[in-house]
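# Chains, contacts and geometry: an overview
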Amino acid sequence: MVAVGTLATLVVAALASLFMAWAIGAGSSGSTPFAPAVGANAISVMRAGFVVGLLGFAGAILQGANVTNAVGTELIGGVTLTVTAAVVALLTAAILVALGVFAGYPIATAFTVTGAVVGVGLAMGGDPAWAKYQQIVTLWVLVPFVGGGASYATARALRSERFSETATVPVLAGIVGVLVANMEFAGLGTDGSSASLARASAVGLAGTGFGESVWFVASVLFAGVVAAAIVGRWMRTDPTRGQRRFLLVLGGLVAFSAGGSQVGLAIGPLVPLLDAVTVPLVALLVGGGVGLLAGSWTGAPRMIKALAQDYSSLGPRRSIAAMIPSFAIAQTAVALGVPVSFNEIIVSAIIGSGFAAGGSGVSKQKMVYTVLAWVGSLVLAFGLSYGVFTLVSSVLSV
């Protein structure tokens, strides 16, 4: 039986988590996936906000467990987050992200939540999780170079007169198909764990005369060929319309991946509290997904417009070049259980594809402000959460 006081505090923590999920849905996970598509006039701002909300909700349920557990249990050692610590971390991060949404600047949610959780954890007397920090920082540092570089190279290939778009775009679609085949989903494993579509197919077909490894490779190749064939048909029928269709598919995949990654930033701090109440992790994922959905429908259009128009005026080719590496990086982060900023991923890719066209339409002033906002959000979230938790703890102990 949970005491009334404890239950009330847990309700406050849950509301703080829901607010955080709304802020994320209105900001990074809701705005970034379809920003290039909106910039390419492939979909309207309001429709993009609606679709990204639904896909983010699905991604939260099917792919959200890894990052959720990492945020809740792997960012600090030696202590377990208390209800008060969770509330302070979530409110600090959510307020900073919400301020970014209303100001029109994309605050990096992963930076903010990570800084807030580490701040309260150290204020509790916990030990730094240096190995996890190294993994996180490595990915954060590599994202602009890998994502921006891959986007630049892809955009250059699509713009080159040596390659026909009717051949290049289907090849890129085949690569995306291979990535999709390797996406892991909850419940596909033989023991109810997560597994990829290709792995689940290989396990099911392993007894038909070939080994599991053979069927795995065959499944991955099949997915790539089918994707290339479908997009190839679109391109032969109407190249312009085919590019926009492919771009919308990419936006959907990134939106799904955003839900799987970003929901953990909202509900991760609640994971250590599950011992106090009998609540399964999937219930937290559903609740976080609902928060993302609400944020995407109510707050995302403003940020979608800011990203699509302020950073670069993208055409379909540069948008495709931006979305493919964004999808690959997002799924890598989900698989590793590393909190990653979708603003950083998408903005880096948009800039890379923009420079492939000579830098036209890329706002360098906006770039500088955005980088400063990313770094500042991490430092500010850490400092505020550490200070607020220390103050609250001293007041409660009196």
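Coordinates for the structure precede this section.
Predicted model, so just to flag it, every value in this text is computed and none were measured. (Residues numbered from 1 in each chain as written. Predicted model: local features only at pLDDT ≥ 70, side-chain atom pairs only at ≥ 80, totals over all residues. Heavy atoms only, no water.)

### Structural notes on the overall build of the protein
Tallying secondary structure elements over the protein gives 17 helices and four strands in all. In terms of overall dimensions, the protein is globule-like: its C-alpha atoms have a radius of gyration of 21 Å, near the 21 Å expected for 398 residues. In the protein, of all internal contacts separated by at least 6 residues, the share reaching a separation of at least 24 is 83%. For the protein, the exposed area adds up to about 16,400 Å²; of that, 68% sits on carbon and sulfur atoms. Here the protein contributes 17 positively and 11 negatively charged side chains, and the mean placements of these two sets differ by 17 Å. (Helix = DSSP H or I, 4+ residues; strand = E, 2+ residues; numbered from the N terminus. Rg over C-alpha atoms; globule rule 2.2 N^0.38 Å. Contact = heavy atoms within 4.5 Å. Areas by Shrake-Rupley, 256 points an atom, 1.4 Å probe, with all protein chains shown as cover. Lys, Arg positive; Asp, Glu negative; His and termini not counted. Charge placed at Lys NZ, Arg CZ, Asp CG, Glu CD.)

### A word on the pattern of salt bridges
The tally for this structure, following the rule as stated, stands at three salt bridges. Between Glu 74 and Lys 132 there is a salt bridge; the shortest N-O distance is 3.2 Å. In this pair, Glu 74 is assigned in the loop between α5 (65-73) and β1 (76-77) and Lys 132 in helix α8 (residues 130-159), connecting sequence segments 58 residues apart. With relative accessibility at 10%, the residue Lys 132 sits in the buried group. Between Glu 165 and Arg 317 there is a salt bridge whose closest N-O contact spans 3.1 Å. Linking Glu 165 in helix α9 (residues 165-181) with Arg 317 in helix α15 (residues 316-336), this pair joins segments that are 152 residues apart in sequence. (Salt bridge = Lys/Arg side-chain N within 4 Å of Asp/Glu carboxyl O. Buried < 20%, exposed > 50% of the residue type's maximum accessible area, 1.4 Å probe, protein only.)

### Some words on the nonpolar core
Of all hydrophobic cores here, the largest spans 94 residues; its most connected members are Met 20, Phe 246 and Ile 320. For this core, the element with the highest residue contribution is helix α12 (residues 239-267), accounting for 12 residues. Setting aside residues up to four positions removed in sequence, Phe 246 forms contacts with Val 169, Leu 172, Ala 173, Val 176, Val 231, Trp 234, Ile 320 and Ile 324. (Core = buried A, V, L, I, M, F, W, Y, C linked by side-chain atoms within 4.5 Å.)

### Describing the packing of aromatic side chains
By the definition in use, this model includes seven aromatic pairs. A centroid spacing of 4.2 Å and a plane angle of 25° characterise the contact between Phe 111 and Trp 140, whose relative ring orientation is stacked. Here Phe 111 is found in helix α7 (residues 109-123), whereas its partner Trp 140 is found in helix α8, with 29 residues between them in sequence. Across this residue pair, the class does not change: Phe 111 and Trp 140 are buried. Taking the centre distance of 5.7 Å and the plane angle of 85° together, the rings of Trp 130 and Tyr 133 count as edge-to-face. (Phe/Tyr/Trp six-rings, centres within 6.5 Å; stacked < 30°, edge-to-face > 60°.)

### Comments concerning the packing of α9 against α12
Relative orientation of the contacting elements α9 and α12 amounts to 20°, with a least axis distance of 11 Å. Our classification of the angle between α9 and α12 gives roughly parallel. For the element pair α9 and α12, the recorded crossing hand is left-handed. For the pair α9 and α12, the contacting residues are Glu 165, Val 169, Leu 172, Ala 173, Val 176 and Val 180 in the first and Gln 243, Phe 246, Leu 250 and Leu 253 in the second. (Axes fitted to C-alpha atoms, helices over the stretch in contact; angles between N-to-C directions. Parallel < 35°, antiparallel > 145°, perpendicular 65-115°, else oblique. Left-handed = near helix turned anticlockwise from the far one by under 90°.)

### Thoughts on the packing of α9 against α15
Here α9 crosses α15 at 20°, and the two axes come no closer than 11 Å. One way to sum up the angle between α9 and α15 is to call them roughly parallel. In terms of crossing hand, the pair formed by α9 and α15 is left-handed. Taken together, the residues of α15 that come into contact with α9 (itself represented by Glu 165, Leu 172, Val 176, Leu 179 and Val 180) are Arg 317, Ile 320, Ile 324, Phe 327 and Ala 328. When the residues that make up the contact of α9 with α15 are grouped by side-chain class, the tally is eight nonpolar, no polar and two charged. (Nonpolar A, V, L, I, M, F, W, Y, C, P; charged D, E, K, R; others polar.)

### Some thoughts on the environment of Trp 297
On the secondary structure map, Trp 297 appears in helix α13 (residues 281-298). With a relative accessible area of 38%, Trp 297 lands in the partly exposed category. Between the C-alpha atoms of Trp 297 and Ala 58, which are 239 residues apart in sequence, the distance is 15 Å. Beyond its immediate stretch of four places on either side in the chain, Trp 297 contacts Gly 49, Phe 50, Gly 53 and Leu 54.

### Here we look at helix α11 (residues 212-237)
Helix length check: α11 (26 residues) gives 38 Å between terminal C-alpha atoms against 38 Å at 1.5 Å per residue, within 8%. Within α11, the full set of buried residues consists of Phe 216, Ser 219, Val 220, Gly 224, Ala 227, Val 231, Gly 232 and Met 235. Looking at the buried side of α11, the elements it contacts are α9, β4 (195-196), α10 (197-205) and α12. (Expected span 1.5 Å × (residues − 1).)

### Digging into the environment of Leu 96
Take Leu 96: it is sitting in helix α6 (residues 83-103). Among the residues examined, Leu 96 registers a relative accessible area of 13% and is labelled buried. With 284 residues separating them in the primary sequence, Leu 96 and Leu 380 have C-alpha atoms 8.8 Å apart.

### Regarding the side chain of Ser 257
When you line up the elements, Ser 257 lands in helix α12. Under the relative-accessibility criterion, Ser 257 is labelled buried at 0%.

### A look at a nonpolar patch on the surface
On the surface, Val 137, Val 141, Leu 142, Phe 145 and Val 146 cluster together into a nonpolar patch covering about 470 Å² of accessible area. If you trace the backbone, Phe 145 turns up in helix α8. (Patch = residues over 30% accessible without salt bridge, like charges linked within 9 Å, V, L, I, M, F, W, Y side chains within 5 Å.)

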